[in-house]
Amino acid sequence: MSKLDPMASMQVVTKCPMCDFKYDKSNIKVVDNKDGMITLYLNCPKCKGSVMMVIMAGSFGITSVSMISDIIEDDLNNIEGNQIEYDDVLEMHKFFKK
Ligand SMILES: [Zn+2]
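Residues numbered from 1 in each chain as written. Predicted model: local features only at pLDDT ≥ 70, side-chain atom pairs only at ≥ 80, totals over all residues.

Enquirer: I'd like to hear about the sheet that holds strand β3 (residues 50-58), residue by residue, with values.
Expert: In spatial order, the strands read β1-β2-β3-β4; together these 4 strands make up an open sheet with antiparallel pairing. If you trace the sheet from one side to the other, it starts and ends with β1 (28-34) and β4 (61-69), each paired once. Direction aside, neighbouring strands of the sheet carry axes that sit 20 degrees apart on average. Here β3 pairs with β4 via 9 bridges, running antiparallel. The partner of methionine 56 across the bridge, within β4, is threonine 63. (Pairing = 2+ DSSP bridges. Helix = DSSP H or I, 4+ residues; strand = E, 2+ residues; numbered from the N terminus. Axes fitted to C-alpha atoms, helices over the stretch in contact; angles between N-to-C directions.)

Here it is in structure tokens:
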């Protein structure tokens, strides 16, 4: 499996799920990028909503799981290297069962 290009994956994530604001590259932060899994943090300048997004490259192509986050940008330093607990585990299960 070749390494995912974070810039390419950003095309998957273009709009804020809350207000439809079109993200700029500067609103998107790559938190983690390893083992074919990219974790992105998106911060919407319009509604101030933040979204965590996990993009996975599997044998079925690229799958993305996003969740509304209440993490503010400053907290990113604290969560780095730690296990992030996702509400969207169910969605992940569905993906892996396929
Ligand atoms: Zn927004």
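Enquirer: Please provide a residue-by-residue account of unusual backbone geometry, values included.
Expert: Positive phi, normally seen in glycine, also occurs at aspartate 20, with a value near 70 degrees. Locating aspartate 20 in the fold gives a position in the loop between α1 (6-9) and β1. The exposure class assigned to aspartate 20 is exposed, which follows from the 11 C-beta atoms found within 10 Å. One non-glycine residue with positive phi stands out, namely lysine 48, at about 65 degrees. Mapping lysine 48 onto the fold places it in the loop between β2 (37-43) and β3. Judged by the 10 C-beta atoms lying within 10 Å of it, lysine 48 falls in the exposed class. (Buried ≥ 20, exposed ≤ 12 C-beta atoms within 10 Å, placed from the backbone.)

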